[in-house]
Amino acid sequence: MSLISSVYRKGTGRLKKGLFLAFEGIDGSGKSTQIQLLHKKLQEAGKPVCSTCEPSGGPIGSQLRQILTGRMKADSRVIAALFAADRLDHLLNETDGIAARIEEGVTVLTDRYYFSSYAYHSVDVPMEWVIAANAESRKVLQPDLNIFIDIDAATAMERITRNRFHRELFEKQSLLEKIRNNYLKAFELFKDSEHILIIDGTRTPKEIAEVIWNRIEELIDR
Ligand code: ADP
Ligand code: TYD
């Protein structure tokens, strides 16, 4: 059976859309670990799946990586606006835009989406401004689930410094504390209009994966 024929809605002749799942959390929270586990699990379940991340691999994403590693400088408002532009490109670009893949029936897992912008940029810029800058992405594609892996800043620092050679711009404990608080504030703001799953990220990877899978199974069967 081809990839595409396997995702037709039974009896309707219409393609069933893929799920869009956004992983969120402060640096070192365990997003990549969980994305890998879920990707494998979905593949084993026979679902077409692809994993991606922000900043994206496109031209605006590359520029953002230069900024994040300190090789290029930019005002915090410019950085926030570049992330918003990168997100739209990640959704809409003609080569591998997420929006088209979802329409084709592929489930897309992304390491970060607009809640990352709300949390990281509202350290320097009002959150309302960041929300407004990302309004078009939210209109084009809202996640079926925002999965927030919650760890405290001290645990994040311990993990980051243990495993990485260079610290990026945001990888400092007091900043991570502010970013975590901004995430919680944003989730409160959007609690009635977004699907949000908050998980204790200090549990073992296996336990976290189980919590996520239980929720995803419900979504797959809908
Ligand atoms: P992120 O993608 O959010 O930055 P990673 O998945 O890369 O996070 O995890 C950061 C580090 O923490 C890695 O060394 C990873 O092996 C470890 N890690 C991931 N999940 C857990 C967990 N639940 N408990 C302890 N360590 C973890
Ligand atoms: P990266 O090392 O690629 O990912 P991670 O820490 O999630 O493993 O770093 C991405 C950095 O970009 C991270 O510090 C968060 C930051 N970021 C923003 O500031 N705004 C955004 O909108 C996004 C998506 C990320």
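These numbers come from a predicted model, not from an experiment.

> Could you give an account of the sheet that holds strand S2 (residues 49–53), naming the residues involved and the relevant values?
With respect to topology, five strands assemble into an open sheet ordered S2-S3-S1-S4-S5, the strand pairing being parallel. Two strands bound the open sheet, and with one partner strand each, they are S2 and strand S5 (196–200). For this sheet, the mean inter-axis angle between neighbouring strands, taken without regard to orientation, is 20°. Pairing between strand S4 (residues 145–150) and S5: five bridges, direction parallel. Bridge assignment links aspartate 150 to a residue of S5, and that residue is aspartate 200. Sheet contacts for helix H9 (residues 173–189): strand S1 (20–24), S4 and S5; angle to S4, the most-contacted strand, approximately 145°.

> Break down the site of ligand 2 for me, citing the residues and quoting the values.
Taken together, 17 residues are adjacent to ligand 2, and Asp27, Arg87, Arg112, Ser117 and His121 come closest. Here an oxygen atom of ligand 2 and a side-chain polar atom of lysine 31 are 3.0 Å apart. At a separation of 2.9 Å, an oxygen atom of ligand 2 approaches a polar side-chain atom of arginine 112. Taking 550 Å² as the accessible area of ligand 2 by itself, protein coverage stands at 91%. The element contributing the most residues to the shell around ligand 2 is helix H5 (residues 114–121), with four residues. Class assignment for the residues of the shell around ligand 2 results in five nonpolar, three polar and nine charged.

> Tell me about the side chain of glutamate 54, residues and numbers included.
Along the chain, glutamate 54 turns up in the loop between S2 and helix H2 (59–68). Not counting chain neighbours up to four residues away, the residues in contact with glutamate 54 comprise Arg87, His90, Thr110, Asp111, Arg112 and Tyr113.

> I'd like to hear about the pattern of salt bridges, residue by residue, with values.
Within this structure, the stated rule accounts for twelve salt bridges. The closest approach of N and O atoms between arginine 112 and aspartate 27, which form a salt bridge, is 3.9 Å. With arginine 112 in the loop between strand S3 (107–111) and H5 and aspartate 27 in the loop between S1 and helix H1 (31–44), this residue pair connects regions lying 85 residues apart in the sequence. Residue arginine 112 shares its accessibility class with aspartate 27, and that shared class is buried. With a shortest N-O distance of 2.7 Å, glutamate 194 and arginine 138 are connected by a salt bridge.

> Talk me through the packing of aromatic side chains; I want residue IDs and the actual numbers.
Scanning the entire structure with this criterion turns up twelve aromatic pairs. With centroids separated by 5.1 Å and ring planes inclined at 70°, the aromatic side chains of phenylalanine 115 and tyrosine 118 adopt a geometry described as edge-to-face. Of this pair, phenylalanine 115 and tyrosine 118 both sit in helix H5, three residues apart, which is roughly one turn of that helix. There is no split in this pair, since phenylalanine 115 and tyrosine 118 are both buried.

How each quantity is defined
Residues numbered from 1 in each chain as written. Chains lettered and ligands numbered in written order. Predicted model: local features only at pLDDT ≥ 70, side-chain atom pairs only at ≥ 80, totals over all residues. Heavy atoms only, no water. Pairing = 2+ DSSP bridges. Helix = DSSP H or I, 4+ residues; strand = E, 2+ residues; numbered from the N terminus. Axes fitted to C-alpha atoms, helices over the stretch in contact; angles between N-to-C directions. Contact = heavy atoms within 4.5 Å. Near = heavy atom within 4 Å. Polar contact = N/O pair within 3.5 Å; in protein donor to acceptor, adjacent residues only side chain to side chain. Areas by Shrake-Rupley, 256 points an atom, 1.4 Å probe, with all protein chains shown as cover. Nonpolar A, V, L, I, M, F, W, Y, C, P; charged D, E, K, R; others polar. Salt bridge = Lys/Arg side-chain N within 4 Å of Asp/Glu carboxyl O. Buried < 20%, exposed > 50% of the residue type's maximum accessible area, 1.4 Å probe, protein only. Phe/Tyr/Trp six-rings, centres within 6.5 Å; stacked < 30°, edge-to-face > 60°.

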